[in-house]
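Structure at a glance
Residue-level listing of the chains:
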Amino acid sequence: MESWEILLQQVINGLSLGAMYALLALGFTMVYGIIELINFAHFNIFMVGSFIAMWLMQLMGFTGQTHILYGLPLVGLLVLVLCATMLSTGALGALIERYGLRALRGVSGTAPMITTIGLSYILFNVILLTTGADTKNYSNPMPNIRWEFGDAVLRLREVMLWGVSVVLMIALHYFVRRTKMGKAMQATAQDQEAARMVGVDVDRVVIITFFIGSALAGAAGLIFGLYYNYTSFIIGYTAGLRAFTAAVLGGIGNIPGAMLGGVLIGLIESLGGQYLAVRWTDVIIFSILVLVLVFRPTGLLGRAAPTKS
Amino acid sequence: MPISDAPQTQSQRRPPLLEFNDVNTYYGELHVLKSVNYRVGDGEIVCLLGGNASGKSTTMKTILGIVRPKSGKVTYAGQPIDRLPTAERVKRGIAPVPEARRLFPRMTVLENLEMGAFTRSDTTEIESDKERVFGLFPRIKERLTQLAGTLSGGEQQMVAMGRALMARPKLLCMDEPSMGLSPAFVEQVFDIIQAINKQGTSIFMVEQNANMALSIADYGYVLQTGEVVLHGSAQSLRDNEMVQQAYLGEMKAQ
Ligand SMILES: Nc1ncnc2c1ncn2[C@@H]1O[C@H](COP(=O)(O)OP(=O)(O)OP(=O)(O)O)[C@@H](O)[C@H]1O
Ligand SMILES: [Mg+2]
């Protein structure tokens, strides 16, 4: 491979990972933006999402790497799987908020955050104990269409993954900026008590935020499976921590920041793995986390004070 | 030395829009409102005087449901509201101008005004209320696209009042509307409060600026460490010796 081909290939890989991290980082950042809570259950909501998507595809008869459908029916089924997965993980996130976290809202200190870690363990162990510790092969119904640039390869699945991420992020942006519920979210993030005083139902805003963040994590879970061709009970930690780093890098609480941070972390992972060494990837990524926290705790796009005026 | 009103003064007042009956509010162990009774008549301006930490802002928060009383009854428009969520109270026509304005700092002035109408969906009426706000505060109109966090204190106060009016309230609860404003501007704000009242909105107002407040109010209450120690018509309060000493120092010197 020529050096430019290697670079191009790693950029393609990095953007794909980045799209996934960005989707995952959005959930962290939105919840933090609204109630200043780091939700560690998010890691494993993502993991559960990848399982749900896998089971849905198995239900629809997709197994292994063979594709039995083409064109529009295939697209339709994938969209269906995506939507059903997002609804399921969204509902899971909403349940976690309602029954696991709401009672702790406003409790100061680390109790709510510790609770999210506990909830995360519950999800982790439920999947481990019901499906076993072995790695699950993911069915991948995508036809093997590819474009070659020299030795660099762009596969259809990557294009699809970028497309899904971009559509979801545009939809989220539109939702937050333009709809009434989106305005209520912004207001709650900026001043919760003032939001209450203009008649915003803050409990509803919080549960919808969990729903949306968790739905995006479900989409990221499906993307993980299609990209790596496997899933496992363990995937929440690595991907989750990287996505969390992405959220901090972009500025926790900041939605465009999470998107930018995700793409950057994806690129750092693939380029760093290529040009330094794969086993150093996590060292690089978490060094970035530490450096950001020390020197620019507000992140790249964060404001001087991250959440309040 | 509490004085209670002569019965005829009470009966001359308008029918109540808001009433507190023996309301007790706590923050944890801290007993802030101690069996207080208030009454805001329909169409009145009522002012609440009191020293720092006497529970004035807590009174406002109790009306809005930001804090819940431990006992006692809060009645609005003839119905008990003390179990209702804040959003529902706002829907029924109670709007706050909170202490320190509490605008949404990273929203524009226009977005802040629109948030004031959050519970409403009558789009054309909302537009006409916007015009009404611009009529009362022409300065707001020149600043619509500015982020609220960058406004001057006086401008923020105007937007905070405008935002509250966008809910088309029956009862406006104002917590120290003159705080931090220059004397000339304070006078303007009080003129506007009177104008809003004339347009049919009842007003319950916390003020340190007792002189000004009593000059436009119909009725007043004096709160001391959580207890109503005095209440009466604005005129009777202005004539009261204790009020003159504690709150109207300047007036006496004149
Ligand atoms: N959220 C809270 N938690 C605990 N204590 C509180 C809280 N809010 C107010 N207090 C306490 O309740 C008491 C009354 O406070 P409040 O804000 O009602 O006073 P205020 O009359 O508005 O005073 P000021 O004129 O200084 O605004 C004070 O002692 C205050 O410290
Ligand atoms: Mg106060």
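Above this text you will find the structure in question.
Every chain is numbered on its own, with residues counted from 1 as its sequence reads. Both sets of labels track the order of writing: A upward for chains, 1 upward for ligands. Local features in a predicted model are, by the rule used here, given only for residues with pLDDT of at least 70; side-chain atom pairs are given and counted only at 80 or more, and totals for whole chains, interfaces and linings are based on all residues. To get the side-chain values, all heavy atoms of the structure are used, and hydrogens and water are removed first.

1. Details of the environment of Ile35(A)
Here a strand is any run of E in DSSP of at least two residues, a helix any run of H or I of at least four, and the numbering for each starts at the N terminus. Looking at the secondary structure, you find Ile35(A) in helix 1 (residues 3-35). With 58 residues separating them along the chain, Ile35(A) and Gly93(A) place their C-alpha atoms 15 Å apart.

2. Observations regarding the coordination of the magnesium ion (ligand 2)
Residue and element names in this part refer to chain B. The donor set covers N, O and S atoms within 2.8 Å of the metal, switching to 3.2 Å for Na, K and Ca, and it leaves out water, so a site may look short of donors. Looking at the magnesium ion (ligand 2), the protein donor atoms are Ser-57 (OG) and Glu-99 (OE), and they sit 1.9 to 2.4 Å from it. One end of the pair, Ser-57, is in helix 2 (residues 56-64); the other, Glu-99, is in the loop between strand 6 (94-97) and helix 4 (109-116), with 42 residues separating them in the sequence. Throughout, exposure labels follow a simple rule: accessible area from a 1.4 Å probe, protein chains only, divided by the maximum for the residue type, with under 20% read as buried, over 50% as exposed, and the rest as partly exposed. We classify Ser-57 as buried; its relative accessible area is 17%. With relative accessibility at 32%, the residue Glu-99 sits in the partly exposed group.

3. A few points about empty space enclosed by the protein
Think of a 1 Å grid over the protein atoms and nothing else: a 1.4 Å probe that fits but is trapped marks a cavity, an open set flanked by protein within 12 Å on at least five of seven lines marks a pocket, and residues with an atom within 4 Å of a point count as lining. Grid points are joined across faces, edges and corners, and a volume is the space filled by probe spheres set on the points. Using the criterion set out here, one finds 2 cavities of 30 Å³ or more in the structure. Taken as a whole, the largest cavity holds about 60 Å³ of empty space. Around the largest cavity, the lining residues are Met197(A), Val198(A), Val90(B), Ile94(B), Ala95(B), Pro96(B), Pro98(B), Gly116(B), Arg163(B), Ala164(B) and Ala167(B). Every element with two or more residues in the lining of the largest cavity is listed here: strand 6 and helix 7 (153-165) of chain B. Looking at which element gives the most residues to the lining of the largest cavity, the answer is strand 6 of chain B, with 3 residues. Across the lining of the largest cavity, the residue classes break down as 9 nonpolar, 1 polar and 1 charged. Polarity classes work like this: nonpolar for Ala, Val, Leu, Ile, Met, Phe, Trp, Tyr, Cys and Pro, charged for Asp, Glu, Lys and Arg, and polar for all others, with Gly in that last group.

4. Some points on the packing of aromatic side chains
The description of two aromatic rings rests on the distance between their centres and on the angle between their planes. Note on ring pairs: Phe, Tyr and Trp rings are taken, using the six-membered ring of Trp, and paired if centres are within 6.5 Å. Classes follow the plane angle, with under 30 degrees stacked, over 60 edge-to-face and the rest tilted. Per the stated rule, a full pass over the model turns up 18 aromatic pairs over all chains. Pairing Tyr38(B) with Tyr221(B) gives two aromatic rings, centres 5.2 Å apart and planes at 85°, and the pair type is edge-to-face. Pair noted here: Tyr38(B) is in strand 2 (residues 30-41) and Tyr221(B) is in strand 9 (residues 219-224), with a separation of 183 residues, a long-range link. Judged by relative accessible area, which is 2%, Tyr38(B) ranks as buried. Ring-pair connections join several aromatic residues into one group, and the members of that group are Phe28(A), Phe40(A), Phe43(A), Tyr121(A), Phe124(A), Phe233(A), Tyr237(A) and Phe244(A). Two thresholds decide whether a charge sits over a ring: the Lys NZ or Arg CZ must be within 6 Å of the ring centre and within 35 degrees of the ring normal. The aromatic ring of Tyr99(A) is capped on one face by Arg98(A), whose charged end is 5.1 Å from the ring centroid.

5. Details of unusual backbone geometry
Here the phi dihedral of Glu36(A) falls at roughly 55°; this positive angle occurs in a residue that is not glycine. In this structure, Glu36(A) sits in the loop between helix 1 and helix 2 (41-59). A positive phi angle is found at Arg168(B), which is not glycine, with a value near 50°. Take Arg168(B): it is sitting in the loop between helix 7 and strand 7 (171-175). Residue classification places Arg168(B) among the partly exposed residues on the basis of a relative accessible area of 38%.

6. A short note on the interface of chain B and chain A
Should any heavy atoms of two residues lie within 4.5 Å, those residues are considered in contact. Between chain B and chain A, the contact holds 21 residues from the first and 19 residues from the second. Across the interface of chain B and chain A, roughly 2000 Å² is buried in total on both sides, 63% from carbon and sulfur atoms. Here's the idea: put two parts together, see how much 1.4 Å probe accessible area each one loses, and the total over both is what we call buried area. Of all residues in chain B, the largest losses of buried area upon contact with chain A belong to Arg102(B), Arg106(B) and Phe118(B), amounting jointly to 35% of the total for that side. A salt bridge links Lys183(A) to Glu111(B); its shortest N-O distance comes to 2.9 Å. Between N or O atoms, a polar contact is any pair within 3.5 Å; within protein, one atom must be a potential hydrogen donor and the other a potential acceptor, and residues adjacent in sequence are included only when both atoms are from side chains. If you look at where chain B meets chain A, you find 5 residue pairs in polar contact (both at pLDDT 80 or more). Residues of the side of chain B that touches chain A, tallied by class, amount to 12 nonpolar, 3 polar and 6 charged. One side-chain nitrogen of Lys or Arg within 4 Å of one carboxyl oxygen of Asp or Glu is enough to make a salt bridge.

7. Remarks on the pairing of strand 9 of chain B
All names here are of chain B. Of all the 6 residues making up strand 9, 5 are buried; the element is thus mostly covered by neighbouring parts of the structure. Where strand 3 (residues 45-50) lies against strand 9, 5 bridges are found, and the strand directions are parallel. Pairing of Val-46 across the sheet is with Tyr-219, part of strand 9. Note on pairing: two strands pair once DSSP finds at least 2 bridges between them. The sheet contact formed by strand 9 and strand 10 (residues 227-233) spans 6 bridges and is antiparallel. For Val-222, the partnering residue across the bridge sits in strand 10 and is Leu-230. Taking the residues between adjacent antiparallel strands as the criterion, strand 9 and strand 10 are bridged by 2 residues, where Thr-225 takes a positive phi near 35°.

8. Details of the packing of helix 5 (residues 156-178) of chain A against helix 6 (residues 180-190) of chain A
When two helices pack together, their arrangement is given by the angle between the helix axes and by the axis-to-axis distance. Residues and elements named next belong to chain A. Geometry is summarised by axes, namely lines fitted to C-alpha atoms with helices restricted to the contacting stretch, and by angles between N-to-C directions that run from 0 to 180 degrees. For the pair helix 5 and helix 6, interaxial distance at closest approach is 5 Å and the crossing angle is 75°. As the angle between them shows, helix 5 and helix 6 are arranged roughly perpendicular. Of the residues in helix 6, those in contact with Phe-175, Val-176, Arg-177 and Arg-178 of helix 5 are Lys-180, Met-181, Gly-182, Lys-183, Met-185 and Gln-186. Split into classes, the residues belonging to the contact of helix 5 with helix 6 amount to 4 nonpolar, 2 polar and 4 charged. For classification purposes, angles smaller than 35 degrees are called roughly parallel, those larger than 145 roughly antiparallel, those between 65 and 115 roughly perpendicular, and all remaining angles oblique.

9. Some remarks on the side chain of Glu207(B)
Residue and element names in this part refer to chain B. Checked against the element boundaries, Glu-207 lands in the loop between strand 8 (202-206) and helix 9 (210-216). The positive count covers Lys and Arg only, the negative count covers Asp and Glu only, and His and the chain ends enter neither. Although Glu-207 lies buried, it forms no salt bridge, and the closest oppositely charged side chain, Arg-101, sits 8.7 Å away as judged by the N-O distance. Among the polar contacts made by the side chain of Glu-207, one reaches the main-chain amide nitrogen of Asn-209 at a distance of 2.8 Å. Setting aside anything within four residues of it in sequence, one finds Glu-207 in contact with Leu-48, Leu-49, Glu-176, Pro-177, Ser-178, Phe-190 and Ala-213.

10. Considerations on the sheet that holds strand 3 of chain B
Residue and element names in this part refer to chain B. Spatial strand order, 6-7-8-3-9-10: 6 strands in an open sheet with mixed pairing. Of all the strands in the sheet, just strand 6 and strand 10 have a single pairing partner and so form its edges. Neighbour-to-neighbour, the strand axes of the sheet open up by a mean angle of 15°, direction not taken into account. In the packing of helix 8 (residues 183-198) onto the sheet, contacts are made with strand 3, strand 7 and strand 8, and the angle to strand 8 comes to roughly 150°.

11. Considerations on the site of ligand 1
Residues and elements named next belong to chain B. As a matter of local geometry, ligand 1 sits amid 14 residues, with Ala-53, Lys-56, Ser-57, Thr-58 and Glu-99 nearest to it. In the environment of ligand 1, an oxygen atom lies 2.9 Å from a nitrogen or oxygen atom belonging to the side chain of Asn-52. Take Glu-99: an N or O atom from its side chain is 2.7 Å from an oxygen atom of ligand 1. Relative to its free-state accessible area of 640 Å², ligand 1 is covered by the protein chains to the extent of 62%. The set of elements that each furnish at least two residues to the shell around ligand 1 consists of strand 2 and helix 2. A per-class count over the shell around ligand 1 returns 4 nonpolar, 7 polar and 3 charged. Nearness is defined per residue: one heavy atom within 4 Å of the molecule or strand is enough. Throughout, the Shrake-Rupley method with a 1.4 Å probe supplies accessible areas, and for residues the shown protein chains are the sole cover considered.

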